[in-house]
Amino acid sequence: MLPIIARWSIIEGKREEALAALANLAKLVEEEEPFVPMYTINTPNFSAETTSYPTPAANEVIFLSVFDDMAAFEKHLNGVFHDWLEENKQYFLLNNGNLFVVSEWLTRQAGFIRPSMVTPQSALTPETKVGDGW
């Protein structure tokens, strides 16, 4: 397994469009890329119960994903993701026409994933879906 954290930035004034497009991306990856066992798209939580240091940018998008291997990651980049990005890159920070991404590959040293974390988004109730406090 090959985990990665990637950070993007949403263009000012494009948040709602970007989040809708990102939800569509997650659905496409879930439905069409079985070689991607985990693909989550997150934004900073600024609720009163949490504090992040350093304070993240409000327009940040954080991907926490796991690919079967590097070949699976490359297949993702050149497949569903490539087509999706061509249609939606106007919502995100670009550098010379390319998506600006800060990424970090990870190697798990310890820990676990509870079975409750493997529930497909489509099987969750409206009370527990992303955007409603998950």
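Since the structure is predicted, the reported quantities are computational estimates derived from the model, not experimental observations. (Residues numbered from 1 in each chain as written. Predicted model: local features only at pLDDT ≥ 70, side-chain atom pairs only at ≥ 80, totals over all residues. Heavy atoms only, no water.)

### Describing the pattern of salt bridges
Close approach of charged atoms allows side chains with opposite charge to pair.
So, point 1. All chains considered together, the criterion is met by one salt bridge.
So, point 2. Arg 7 is the partner of Glu 60 in a salt bridge, and the nearest nitrogen-oxygen pair spans 3.8 Å. With Glu 60 in strand S3 (residues 60–67) and Arg 7 in strand S1 (residues 2–9), this pair connects stretches of sequence that are 53 residues apart. (Salt bridge = Lys/Arg side-chain N within 4 Å of Asp/Glu carboxyl O. Helix = DSSP H or I, 4+ residues; strand = E, 2+ residues; numbered from the N terminus.)

### Considerations on the side chain of Glu 60
So, point 1. Judged by its relative accessible area of 16%, Glu 60 falls in the buried class.
So, point 2. With residues near it in sequence (within four places) discarded, Glu 60 still touches Arg 7, Trp 8, Asn 42, Thr 43 and Pro 44. (Buried < 20%, exposed > 50% of the residue type's maximum accessible area, 1.4 Å probe, protein only. Contact = heavy atoms within 4.5 Å.)

### Quick look at the sheet that holds strand S2 (residues 38–42)
So, point 1. Read from one edge of the open sheet, four strands run S2-S3-S1-S6, paired in antiparallel fashion. The open sheet terminates on both sides in strands that have one partner only, identified here as S2 and strand S6 (102–105). Across the sheet, the mean angle from the axis of one strand to that of its neighbour is 10°, orientation sign disregarded.
So, point 2. Of the strand pairs in this sheet, S1 and S3 are connected by eight bridges, and their pairing is antiparallel. (Pairing = 2+ DSSP bridges. Axes fitted to C-alpha atoms, helices over the stretch in contact; angles between N-to-C directions.)

### What about the nonpolar core?
So, point 1. Of all hydrophobic cores here, the largest spans 25 residues; its most connected members are Trp 8, Leu 22, Leu 25, Tyr 39, Phe 63, Trp 84 and Phe 92.
So, point 2. Secondary-structure elements contributing two or more residues to this core are S1, helix H1 (15–32), S2, S3, helix H2 (70–78) and helix H3 (80–88).
So, point 3. Here the element with the most residues in this core is H1; it accounts for five residues.
So, point 4. Apart from residues no more than four positions distant in its own chain, Phe 92 is found in contact with Trp 8, Ser 9, Ile 10, Ile 11, Ala 18, Leu 22, Trp 84 and Leu 99. (Core = buried A, V, L, I, M, F, W, Y, C linked by side-chain atoms within 4.5 Å.)

### A look at the packing of aromatic side chains
So, point 1. Tallied over the full model, the rule gives 10 aromatic pairs.
So, point 2. Seen from their ring centres, Trp 8 and Phe 63 are 4.5 Å apart, and the 40° between their planes marks the pair as tilted. Here Phe 63 lies in strand S3 and Trp 8 lies in strand S1, a separation of 55 residues in the sequence. In terms of burial, Trp 8 and Phe 63 fall into one category: buried.
So, point 3. Pairing Trp 84 with Phe 92 gives two aromatic rings, centres 5.9 Å apart and planes at 45°, and the pair type is tilted.
So, point 4. What links up through ring pairs into an aromatic cluster is the set Trp 8, Tyr 39, Phe 63, Phe 81, Trp 84, Tyr 91 and Phe 92. (Phe/Tyr/Trp six-rings, centres within 6.5 Å; stacked < 30°, edge-to-face > 60°.)

### Observations concerning the pairing of S1
So, point 1. In the sheet, S1 pairs with S6 via four bridges, with the strands oriented antiparallel. Each bridged residue has a counterpart across the sheet, and for Ile 4 the counterpart in S6 is Trp 105.

### Details of the packing of H1 against H3
So, point 1. It is at 10 Å that the axes of H1 and H3 come closest, and there the two elements cross at 165°. Between H1 and H3, the angle is such that the two are roughly antiparallel. Considering only the axes of H1 and H3, their crossing is right-handed. Between H1, through Ala 21, Leu 22, Asn 24, Leu 25, Leu 28, Val 29 and Glu 32, and H3, the contact on the second element is made entirely by Val 80, Phe 81, Trp 84 and Asn 88.
So, point 2. The class makeup of the residues in the contact of H1 with H3 is eight nonpolar, two polar and one charged. (Parallel < 35°, antiparallel > 145°, perpendicular 65-115°, else oblique. Left-handed = near helix turned anticlockwise from the far one by under 90°. Nonpolar A, V, L, I, M, F, W, Y, C, P; charged D, E, K, R; others polar.)

### Quick notes on the environment of Val 118
So, point 1. One can find Val 118 in the segment after S6.
So, point 2. Each C-alpha atom, one on Val 118 and one on Pro 37, is 8.9 Å from the other, the two residues being 81 residues apart in sequence.

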